[in-house]
Amino acid sequence: MWKLVISKKISTITIGYAMAERSAVDTIRGYFYQFDLTILSILNLTSLDESVEIECTEDIDIRTASEVTATQCKYYAKTEYNHSVIKDAIKHMLSHFKETLAGTKPKIFYSIYGHYASGQEKLDEEIDIDFLKTHFLTYTKEKVTYHHHQDLQLTDADLEEFLKRLTINIRAVEFDTQFREVIDILQTIFNAKPFSAEYFYYNNSLAVIRELSTEAAQKNRSMQQLCCYALNQPGRSRLR
């Protein structure tokens, strides 16, 4: 939340509001980027037994007959990539992984999917255990250094298994490119004209994602491709 401080310099107020506006726009684009990725994930399911769960383990969980992949989506079109940007996400995933080792939760795969303005070369090298510990699991709080893997009492063998289950893509496509991918696949699936794909099928799809993401019960935040097809038919202004 922005705090407005009265200043003799009018430019101070103007800049403050301009920064707030840019921040709000970037946040909204981030939400739509995630929604579009969710729609793509549903449309790209290959079996009637597969489904996409929204805001469960992570932003998007893709469930197949044999495995679950939990994906955290990040969109920072104006931000340079730094390891700190995804550090908290990896720590959270590792904490979940610890619970799977204890048998309290089923084993899954983890994915970080993000778009950044620059800095992708910082993650070009393969992530090994030492890199994981140094750049993602070590942090400082109130001048005290902590090691998340030590707090969780995980061994190097555990971390090696975690890395086998983790995929990081920081070269995801930008906002408009992903949106066009959604429209193109809607045109193909429903044999629709560009106008219908965008203003009917896409709007319908967006409506259901919005509603599913706000369902209180986790069991109600899941969708199969077949449901998307059946509900996204002419005569329905909404998917639900």
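Because the structure is a prediction, the values reported are computed rather than measured. (Residues numbered from 1 in each chain as written. Predicted model: local features only at pLDDT ≥ 70, side-chain atom pairs only at ≥ 80, totals over all residues. Heavy atoms only, no water.)

### Some words on the overall build of the protein
- When helices and strands are counted, the protein shows eight helices and eight strands.
- Excluding contacts between residues fewer than 6 apart, the proportion of contacts in the protein whose partners are at least 24 apart in sequence is 66%.
- In the structure as shown, the protein presents an accessible area of about 13900 Å², 52% of it carried by carbon and sulfur atoms. (Helix = DSSP H or I, 4+ residues; strand = E, 2+ residues; numbered from the N terminus. Contact = heavy atoms within 4.5 Å. Areas by Shrake-Rupley, 256 points an atom, 1.4 Å probe, with all protein chains shown as cover.)

### Some points on the packing of aromatic side chains
- Using the criterion set out here, one finds 14 aromatic pairs in the structure.
- Summarising the aromatic geometry, the rings of Tyr139 and Tyr146 are spaced 5.4 Å apart at their centres and angled 20° between planes, so their arrangement reads as stacked.
- Overall, Tyr139 belongs to the partly exposed group, its relative accessible area being 22%.
- Three or more aromatic residues joined by ring pairs make a cluster, and in this case those are Tyr33, Tyr75, Tyr113 and Phe175.
- The ring of Phe175 has Arg29 lying over it, and the distance from NZ or CZ to the ring centre is 4.1 Å.
- We note Lys91 situated over the ring of Tyr139; from NZ or CZ to the ring centre the distance is 3.7 Å. (Phe/Tyr/Trp six-rings, centres within 6.5 Å; stacked < 30°, edge-to-face > 60°. Buried < 20%, exposed > 50% of the residue type's maximum accessible area, 1.4 Å probe, protein only. Lys NZ or Arg CZ within 6 Å of the ring centre and 35° of its normal.)

### Focus on the sheet that holds strand S7 (residues 166–169)
- One open sheet holds the six strands; their spatial order is S7-S4-S3-S2-S1-S8, and the pairing between them is mixed. Two strands in the sheet have a free side with no partner beyond their single neighbour: S7 and strand S8 (222–223).
- Here strand S1 (residues 51–54) pairs with strand S2 (residues 60–63) via four bridges, running antiparallel. Each bridged residue has a counterpart across the sheet, and for Glu53 the counterpart in S2 is Asp61. (Pairing = 2+ DSSP bridges.)

### Observations concerning the environment of Gln150
- By the element assignment, Gln150 lies in helix H4 (residues 148–151).
- Taking C-alpha positions, Gln150 is 9.7 Å from Lys133, a pair spaced 17 residues apart along the chain.

### A short note on the packing of helix H3 (residues 129–137) against helix H5 (residues 156–164)
- In contact at an axis separation of 10 Å, H3 and H5 are set at 85° when each is read in the N-to-C sense. Put simply, H3 runs roughly perpendicular to H5. Contacts between H3 and H5 involve Ile129, Leu132, Lys133 and Leu137 from the first element and Asp156, Leu159, Glu160, Phe162 and Leu163 from the second.
- Looking at the contact of H3 with H5 residue by residue, the class counts come to six nonpolar, no polar and three charged. (Axes fitted to C-alpha atoms, helices over the stretch in contact; angles between N-to-C directions. Parallel < 35°, antiparallel > 145°, perpendicular 65-115°, else oblique. Nonpolar A, V, L, I, M, F, W, Y, C, P; charged D, E, K, R; others polar.)

### Side note on the side chain of Thr138
- Examined against the element boundaries, Thr138 turns out to sit in strand S5 (residues 138–141).
- In this structure the side chain of Thr138 is engaged in a polar contact, spanning 2.7 Å, whose partner is the backbone oxygen of Lys133.
- Leaving out residues up to four positions away in the same chain, Thr138 has contacts with Lys87, Lys133, Thr145, Tyr146 and His147. (Polar contact = N/O pair within 3.5 Å; in protein donor to acceptor, adjacent residues only side chain to side chain.)

### What to know about H3
- Every buried residue of H3 is accounted for by Ile129, Phe131, Leu132, Lys133, Phe136 and Leu137.
- You can read the cap of H3 off the contacts: a side-chain oxygen lies 3.3 Å from the backbone nitrogen of Asp130, and it is on Asp128.

### Overview of the pattern of salt bridges
- What the rule picks out here adds up to nine salt bridges.
- Lys78 is the partner of Asp26 in a salt bridge, and the nearest nitrogen-oxygen pair spans 3.4 Å. Of this pair, Asp26 sits in helix H1 (residues 10–43) while Lys78 is found in strand S3 (residues 68–80), placing the two residues 52 residues apart along the sequence.
- Judged by relative accessible area, which is 30%, Asp26 ranks as partly exposed.
- Close ionic contact of Arg180 with Glu198 constitutes a salt bridge, the shortest N to O distance being 4.0 Å. Of this pair, Arg180 sits in helix H6 (residues 175–190) while Glu198 sits in helix H7 (residues 194–213), and the two are 18 residues apart along the sequence.
- Its relative accessible area of 21% is what places Glu198 among the partly exposed residues. (Salt bridge = Lys/Arg side-chain N within 4 Å of Asp/Glu carboxyl O.)

Honestly, it's all geometry; don't read function into it.
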